[in-house]
Amino acid sequence: MHLNKIDPEVSQALNRELAREQEGLEMIPSENFVSEAVLEALGSIGTNKYSEGYPGARYYGGCEWVDVIENLARDRAKALFGVNHANVQPASGCAANIATMFALLEPGDTLMGMNLFFGGHMTHGLPVNFSGRYYKSVQYTSAPDGTMDFEAMLSLALEHKPKLVIVGATAYPRIIDWQKARGVADAVGAFLLADVSHVAGLIVSGDHPSPAGIADVITTTTHKTLRGPRGAMILCNGNPSTPLKKVDVSRENIPTLIDRAIIPGLQGGPHNHQTAAIAVALKEAAQPDFKEYGHQIVKNAKALASVLVRQGFELVTGGTDNHLMVVNLTNKNVSGKQAERALSLAGITVNKNTVPFEPRTPFDPSGIRLGTPALTTRGMHEAEMETIGSWIDEAITHASDETKLASIKMSVKEMTDRFPLYPNLTY
Ligand code: DSN
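Sequence order as written defines residue numbering, which begins from 1 separately in each chain. This being a predicted model, a pLDDT of at least 70 is required before a residue's local features are given, and a value of 80 or more before pairs of side-chain atoms are given or counted; all residues contribute to the totals for chains, interfaces and linings. Only hydrogens and water are set aside; all other atoms, that is, all heavy atoms of the structure, feed into the side-chain values.

Moving on to the sheet that holds strand β4 (residues 85–87). Two strands make a pair as long as DSSP finds a minimum of two bridges between them. Helix and strand definitions here come from DSSP, where helices need a minimum of 4 consecutive H or I residues and strands a minimum of 2 consecutive E residues; each element is numbered from the N-terminal end. Ordered by their spatial adjacency, 7 strands build an open sheet running β4-β10-β9-β8-β7-β5-β6, and the pairing between neighbours is mixed. Of all strands in the sheet, those with a lone pairing partner are β4 and β6 (136–140), marking the two edges. Between one strand axis and the next, the sheet turns through 20° on average, direction left out of account. In terms of strand pairing, β4 meets strand β10 (residues 232–236) through 3 bridges, oriented antiparallel. Bridge pairing in β10 links His85 to Cys236. For every element, the axis is a line fit to its C-alpha atoms; helices are fit only across the contacting stretch, and the angle between N-to-C directions ranges from 0 to 180 degrees.

Spelled out as C-alpha cells, the structure:
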C-alpha cells in the first residue's frame, strides 16, 4: 500500500468513489464493474512502455512483451467477433470513430449518422463535433415512435449520397437491423460503420445480432456491456494489414487504412496497460458464463421496463430489447435533471437524457436513460428489479422530499450489502 502514504487526497477520493460504487445502484447503461483481474492488468507496468506501431513493426525497441500482449488482445477480439482484423489501440470510442472517418473519407466528404438527441452519438456527425465540422454531416432521426426509420434513412441517403453511413446508438432500446442498414449504404455505394459500443457484450452473448460480415467497419468501446477497461477497438475484414505502406481507399484495404489512421494518423504510443486489460476482458467474455451474463442483462432490463410501465412511466418505443431504456418523464411533471438528482439522493445513479423530438434542452431534457449491465454484474436478478422499479417510482413521485429520498437510500444500501463489490479493495 503506497498510495495513501504518498497522496492521501487522491487515496481518500478513490476510497469515497469505491464506497459510492459499492453502496449505490449503478444504472447508467454505459457503465459496468470490471473484474479484479482486469483492474490488476490496468494498473500494471504496461503503462511504462512506449510502443508506437504494431506488433512486429514498432518504432521503439524493447517491445517483445507488449507485442505478446497486443497480439493476445487482437487474436481474442478477432475470434470473439468473427472478423479477420482488429485494431485494439483506440484510446476511446470517439478515437475509434474518428479514425474510421480519417481512414475512409477526405475532409468535406459527406457522412450520415443518427442525431445525438435521438439516441446517436457526438461522433456520428453532430455539428459541433469533429465529425460534423470536418465532414458534411447529414443527420437522421427516429420515427415518431422512437424506432429507427430505415425508409427515412434511405431517402436521406439517396438525396445526399453520403460516402459513409454510421449506424449505432447510445440511447436506443431496440435491436438494430444491420441488413437494413447495409441496404441503405449499398443504395448509394457508401461504406457502413456499425458502432456497437453499447451492445458489444450482448453481441458476444447472442442477445443482439452481430454486424460482422455486414458492416465494413465495426467500432466498439470495451467498457460497457463488454465489461472491460475503458478503451475501444476497430474490427473489420479485408487483406492483411500492411501498416507501413500507403494503400488506396477500397474495401479490401480497410485493415491497412484503419491501422494507418490510428498511427501515424491520430494517436501516438498505445496504452499497453489498457491493451493488457482489454486482452483479459476479452478472455473473460469468451467464457460460457459471459453468455449467461448477457442473457440476464436483457432479462433484468425487460423486468425493470415492465415494472416502470405498470407504474405509468412512458418508455421510448414502449419497452426494451436490450440493456437499456429511455424514460420520457413528461407525464410525471418532473424533468430529466430533477429526476437524475432525486434518484441520486436515493442512491440510484442514472443520467438525464433527451427523448426523440425533445421539446426541452439537452441540459434539462424530458427523460432519463437507465439500464442493467452493472446491476447484473453484481448478481442481481428480476426480483431485485421489481424492488428497484418501485424505488424509482417513489423517488420520482417524491422528487423534492429529501427525507423520503434518504430513506430509500438506506434501503438501497441494505440491498447492495447483499451483493458485495470489490470486498477486499482499498486505496
Ligand atoms: N458516454 C457514452 C454513453 O454514456 O453512452 C457514449 O459515448
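Relative to each other, helix α13 (residues 336–345) and helix α16 (residues 402–417) sit at 55°, their axes nearing to 7 Å. What the angle tells us is that α13 and α16 run oblique. Contacts from Arg341, Ala342 and Leu345 of α13 reach α16 at Glu402, Leu405, Ala406 and Lys409. Residue composition of the contact of α13 with α16, grouped by class: 4 nonpolar, no polar and 3 charged. Angles are sorted into four bins: roughly parallel if under 35 degrees, roughly antiparallel if over 145, roughly perpendicular if 65 to 115, and oblique for all others. Contacts: residue pairs with any heavy atoms within 4.5 Å of one another. Any residue outside Ala, Val, Leu, Ile, Met, Phe, Trp, Tyr, Cys, Pro, Asp, Glu, Lys and Arg is labelled polar, Gly included; the first ten of those are nonpolar and the last four are charged.

The subject of this paragraph is empty space enclosed by the protein. Definitions used throughout: a 1 Å grid over protein atoms alone; a cavity as a set of points that fits a 1.4 Å probe which cannot get out; a pocket as an open set with protein on both sides within 12 Å along at least five of seven lines; a lining residue as one with an atom within 4 Å of a point. Grid points are joined across faces, edges and corners, and a volume is the space filled by probe spheres set on the points. This structure, assessed with the given rule, holds 2 cavities of 30 Å³ or more. Here the largest cavity defines a volume of roughly 90 Å³. If you trace the largest cavity, you find 16 residues lining it, with Ala169, Tyr172, Ile176, His198 and Val199 closest to the centre. Of the residues that constitute the lining of the largest cavity, the class distribution is 8 nonpolar, 6 polar and 2 charged. Approximately 50 Å³ is the volume found for the second largest cavity. Lining the second largest cavity are 14 residues, and of these Phe118, Gly119, Ala171, Val316 and Pro356 sit closest to its centre. Among the residues making up the lining of the second largest cavity, the classes are represented as 9 nonpolar, 5 polar and no charged.

To continue, consider the site of the ligand. Distances are taken per atom, and a residue is near a molecule or strand as soon as one of its heavy atoms is within 4 Å of it. Ser30, His121, Thr170, His198, Lys224 and Arg369 make up every residue found near the ligand. Counted as a polar contact is a pair of N or O atoms within 3.5 Å, where, for protein atoms, one must be capable of donating a hydrogen and the other of accepting one, and residues adjacent in sequence contribute only when both atoms are in side chains. Here His121 contributes a side-chain N or O atom positioned 2.8 Å from an oxygen atom of the ligand. The contact in question runs from an oxygen atom of the ligand to an N or O atom on the side chain of Arg369, over 2.8 Å. Note that accessible areas follow from Shrake-Rupley with a 1.4 Å probe, and for residues the cover is restricted to the protein chains shown. When the ligand sits alone it has 230 Å² of accessible area, and the protein chains cover 62% of it. Placement of the ligand is best described as lying within the largest pocket. Residues belonging to the shell around the ligand are distributed by class as follows: no nonpolar, 4 polar and 2 charged. A cavity or pocket is said to hold a molecule if more than half of that molecule's atoms lie within 2 Å of its grid points.

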